[in-house]
Amino acid sequence: MRPLRWLASMAAIGLSACTPAAYYAQSVQGHLALMNAARPIDEVLADPTTPADLKPRLERARRIRVFAAGALALPDNASYHRYSDLKRRAAVWNVAAAPPDSLTLKRWCFPVVGCVGYRGYYDEAEAKALAARLEKDESLEVRVYGIPAYSTLGWMNWAGGDPLLSTFIRYPEGELARMIFHELAHQVVYVEDDTMFNESYATAVERLGVAQWLKTEAGVPARQEYERLDTRRRDFRQLSRDTRAELAAIYERKDAPALDGKARAAMKSEAMARFRQRYAELKARWAAAGAPFDGYDPWVAEANNAFFGIQAAYDELVPGFEALFEREGRDWPRFHAAVRQLAGAPMAERQARLKALEDEAATRLLQKQ
């Protein structure tokens, strides 16, 4: 989910005395280890030691990969034709951080890729160590979270491309398709210094793409399973979005400078309490519908400004991209071309245009009701 484009050009950039060499070293070594562990899917399928339950999942991933290129106009290249067993629960652990009175993520800047609102580590302990330093030295709210995949934006296709990973290959059918579509979307359009644009676009592609996959390629059980999973995800995203707006209103109040720290902290605490209460109500609703689920509990227990900042990156602009897809006649090549054109505009302009598309779509929906 998180592009690591700079890895592909690290040899050309070099490591100067003012560069955090240890960090770049662990990044390069971690990615090379991932790439070196990758094997062609055919080889893994032919290996008698390959677990029996893995083979049909690799076959399914291969069908999804073909569908991505043929039906969704996503890149037809070397990516996702190999498999890598990482023997760990996440591909990378990201660190995100934000001030106590803002949802704006701390940004780290790298050669080539630009500035992003996270810092990734292949070692969870190193990620947690950075988080502890940020909390202690900069008084930031932090979040450390594992991610199952990331994209090198196609820059590593000459070396075999991004492989399928053990961290997500056993996902349910719809979730596996969603992951592959999302990561391939990063190879279509990537804008330096605009994580929200990049992630929202990829999230829109995954949502629209998996709906098409399930409708035309999947069986009833897979569609029903995905519906249960996606309903919970949408419910939780909406709850997070509502709370994010509530917190932003507190932090951006016109009289904010006049508020003392205790008053602002009390308002924030009340908003967070409402968030957790509404989450408890969501869980009760899911359980009443016969689908109890507690998978979001760790996120809710540790929710803070960094958490809500991360959520914003993935879903804030999605409705605008979905409206753009409809405007382009649900034609995938036209949609991707329109996104490329939009990517060339200044950040404020492209975000405003996406918000306008979202508002227009909402107005049309109201008129139909």
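Residues numbered from 1 in each chain as written. Predicted model: local features only at pLDDT ≥ 70, side-chain atom pairs only at ≥ 80, totals over all residues. Heavy atoms only, no water.

**Comments concerning the pairing of strand S7 (residues 141-147)**
Looking along a regular strand, one sees side chains alternate from face to face of the sheet.
Part 1: The buried fraction of S7 amounts to five of the seven residues, a majority that puts the element mostly inside the structure.
Part 2: Bridge analysis of strand S3 (residues 92-98) against S7 gives seven bridges, and the strand direction is antiparallel. Residue pairing across strands places Val-95 opposite Val-144, the latter belonging to S7. (Buried < 20%, exposed > 50% of the residue type's maximum accessible area, 1.4 Å probe, protein only. Helix = DSSP H or I, 4+ residues; strand = E, 2+ residues; numbered from the N terminus. Pairing = 2+ DSSP bridges.)

**Section: unusual backbone geometry**
Part 1: Notably, Lys-87 is not glycine yet its phi reads approximately 55°, a positive angle.
Part 2: Examined against the element boundaries, Lys-87 turns out to sit in the loop between strand S2 (82-84) and S3.
Part 3: When its relative accessible area of 71% is taken as the criterion, Lys-87 is described as exposed.

**Focus on the state of the cysteines**
Part 1: The final tally for this structure, using the stated rule, is one disulfide.
Part 2: The disulfide partner of Cys-109 is Cys-115, and the S-S distance across this bridge is 1.8 Å. Judged by the sign of its S-S torsion, about 100°, the bond between Cys-109 and Cys-115 is right-handed.
Part 3: Here Cys-115 falls in the buried class, since its relative accessible area comes to 15%. (Disulfide = S-S within 2.5 Å.)

**Description of the sheet that holds S7**
Part 1: Spatial strand order, S6-S3-S7: three strands in an open sheet with antiparallel pairing. Because the sheet does not close on itself, it has two edges, and the strands there are strand S6 (119-121) and S7. Pairs of neighbouring strands in the sheet enclose a mean axial angle of 25°, with direction left out of account.
Part 2: Here three bridges tie S3 to S6, and the two strands are oriented antiparallel to one another. Looking across to S6, one finds that Trp-93 is bridged to Tyr-121.
Part 3: On top of the sheet, helix H11 (residues 305-315) reaches S3 and S7; it is set at about 50° to S7, its chief contact. (Axes fitted to C-alpha atoms, helices over the stretch in contact; angles between N-to-C directions. Contact = heavy atoms within 4.5 Å.)

**Digging into the pattern of salt bridges**
Part 1: The full count for this structure, using the stated rule, is 32 salt bridges.
Part 2: Note that Glu-322 is salt-bridged to Arg-207, the shortest N-O span being 3.8 Å. Here Glu-322, found in helix H12 (residues 318-327), pairs with Arg-207, found in helix H7 (residues 195-216); they are 115 residues apart in sequence, far enough to count as distant.
Part 3: Overall, Arg-207 belongs to the buried group, its relative accessible area being 15%.
Part 4: Of the charged contacts, one joins Glu-328 and Arg-334 as a salt bridge, the two residues approaching to 3.3 Å between their closest N and O atoms.
Part 5: What makes Glu-328 buried here is its relative accessible area of 11%.
Part 6: Residue Arg-334 is classed as partly exposed on the basis of its relative accessible area of 43%.
Part 7: Three or more residues are tied together by salt bridges with common partners; here these are Glu-175, Arg-178, Glu-206, Asp-230, Arg-233 and Arg-234. (Salt bridge = Lys/Arg side-chain N within 4 Å of Asp/Glu carboxyl O.)

**Some remarks on the packing of helix H6 (residues 173-185) against helix H8 (residues 220-251)**
Part 1: In contact at an axis separation of 8 Å, H6 and H8 are set at 60° when each is read in the N-to-C sense. Between H6 and H8, the crossing angle belongs to the class labelled oblique. Between H6 and H8, the contacting residues are Glu-173, Gly-174, Glu-175 and Arg-178 on the first element and Ala-222, Tyr-226, Leu-229, Arg-233 and Arg-237 on the second.
Part 2: Looking at side-chain class alone, the contact of H6 with H8 contains three nonpolar, one polar and five charged residues. (Parallel < 35°, antiparallel > 145°, perpendicular 65-115°, else oblique. Nonpolar A, V, L, I, M, F, W, Y, C, P; charged D, E, K, R; others polar.)

**Focus on the environment of Arg-276**
Part 1: Following the sequence through the fold, Arg-276 ends up in helix H9 (residues 261-288).
Part 2: With 66 residues separating them in the primary sequence, Arg-276 and Leu-342 have C-alpha atoms 37 Å apart.
Part 3: Those residues in contact with Arg-276 that sit more than four places away from it in its chain are Val-300, Ala-301 and Ala-303.
Part 4: Of note is the side chain of Arg-276, whose polar atom sits 3.5 Å from the backbone oxygen of Ala-301. (Polar contact = N/O pair within 3.5 Å; in protein donor to acceptor, adjacent residues only side chain to side chain.)

**Overview of the confidence of the model for the protein chain**
Part 1: Scored by pLDDT, the protein chain has a mean of 90; 92% of the residues are at 70 or more.
Part 2: Counting contacts from residues 3-19, a segment whose pLDDT is below 50, to residues more than four positions away or on other chains yields 41 contacts. (pLDDT = per-residue confidence, 0-100.)

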